[in-house]
Amino acid sequence: MTSKQDSKSQQSASKETEQKHQQSGAASKAVAPDQGSNNDTQALDSLLETLGGDLTSIDTEAALGAIDEWHGTLQKAKEPAVKELANGLKELKQLLKGGKATGHDIGEVLSHIGDQTSDIAAEADKGMKTSLQKLGKQLSKAGQALGKAEDKEAAEQIESLSETLEGDLTQVDTDTAIGAIDHWYGLLHKSDNESLQEIANGLKELKQTLKRKTANASDIAEVMTKIGEQTTEAASTAHRGLKGPIQKFGKLLSRTGKSLG
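As a convention, each chain's residues are numbered from 1 in the sequence order in which they are written. This being a predicted model, a pLDDT of at least 70 is required before a residue's local features are given, and a value of 80 or more before pairs of side-chain atoms are given or counted; all residues contribute to the totals for chains, interfaces and linings. Side-chain numbers here rest on the full set of heavy atoms in the structure, without hydrogens or water.

Participant: I would appreciate a short explanation of the overall build of the protein chain in the present structure.
Facilitator: Secondary structure elements follow DSSP: runs of H or I of four or more residues count as helices, runs of E of two or more count as strands, with numbering from the N terminus. Secondary structure summary: the protein chain contains ten helices and zero strands in total. For the protein chain, the N- to C-terminal ordering of α and β elements is α-α-α-α-α-α-α-α-α-α. Each residue is placed in one exposure class: buried if its accessible area under a 1.4 Å probe, protein chains only, is under 20% of its type's maximum, exposed if it is over 50%, and partly exposed if it falls in between. In the protein chain, buried positions account for 35% of the 261 residues. In this description, accessible areas are obtained by the Shrake-Rupley approach with a 1.4 Å probe, and a residue is regarded as covered only by the protein chains that are shown. Element-wise, carbon and sulfur atoms account for 48% of the exposed surface of the protein chain, whose accessible area totals about 16,300 Å².

Participant: Help me understand helix α7 (residues 174-188), please; the structure alone is not making it clear to me.
Facilitator: Working note: α-helix, 3.6 residues per turn, so residues spaced by three or four point in the same direction. Multiplying one less than the number of residues by 1.5 Å gives the expected span of a helix. In this model α7 runs 21 Å from its N-terminal to its C-terminal C-alpha over 15 residues, within 8% of the 21 Å that 1.5 Å per residue would give. Listing the buried residues of α7 in full gives Ile178, Ile181, Trp184 and Leu188. Taken end-on, α7 shows its buried residues confined to a sector of 130°, consistent with a single buried face. Away from its buried face, by an angle of more than 90 degrees, α7 presents the exposed residues Asp175 and Thr176. Taking the helix axis as origin, the arc is that swept by the directions to the C-beta atoms.

Participant: Would you take a moment to explain the pattern of salt bridges for this structure?
Facilitator: A side chain of one charge can pair with a side chain of the opposite charge if their charged atoms are brought near each other. The term salt bridge refers to a side-chain nitrogen of Lys or Arg lying within 4 Å of a carboxyl oxygen of Asp or Glu. In this structure the tally under the stated criterion is three salt bridges. We note a salt bridge from Lys248 to Glu159, for which the minimum N-O separation is 3.6 Å. Separated by 89 residues along the polypeptide, Lys248 in helix α10 (residues 240-260) and Glu159 in helix α6 (residues 126-166) bring together distant segments of the chain. For Glu159, a relative accessible area of 30% puts it in the partly exposed group. Across the salt bridge formed by Arg212 and Asp219, the nearest N and O atoms sit 3.9 Å from each other.

See below:
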């Protein structure tokens, strides 16, 4: 009697182990259908090489094509983890096509997809495990790099504007000033952040004031002081790399506005 029970237990355990292997294999195949082939490994290696380069120089259409290829394969899978990865790719495609996403927006999705890929790699067959692990890490690294690159560029632009405010404003050409305002308005008015939208509205008001022939120094001073206060307040929620430059710029705007008044 006992031997029969033992035999049934062994068969049950064997079936459970087999099911786990089948699920693991299915996840691997969903990521790479012919996961033992050289073509799949070469495709992953090519993607890794692309992600290791300058992401700002990648052609958008080529990136969308690669995303479509991966999403088309992954969305057929039944495994929740793989389906979640497919949804992440779909979100990334929408951000790229929308044209309004910031480097931080795209970076966050890339990092999330990287984490998901690493999780799937842990259950993948030996033939694909290493490549998928590398891909997961590279995606996460690329996501972080995009946010940092955007912060660095923005910080440099803010520093340049700060240097202008610290100089002799009587020498600043009106058209040049309006061009700088247009640039910043174009960046800020797209934001979902209410504080940044307020600054964008303030910049629009400043531009209109500068273009008015009847505008006097006190009119410009009032708008600049207001924008300065809004900018300083917005700095408190900015990314670490931008917090300092934005605070400095806000204080300079307020100080310049008060000096003009």
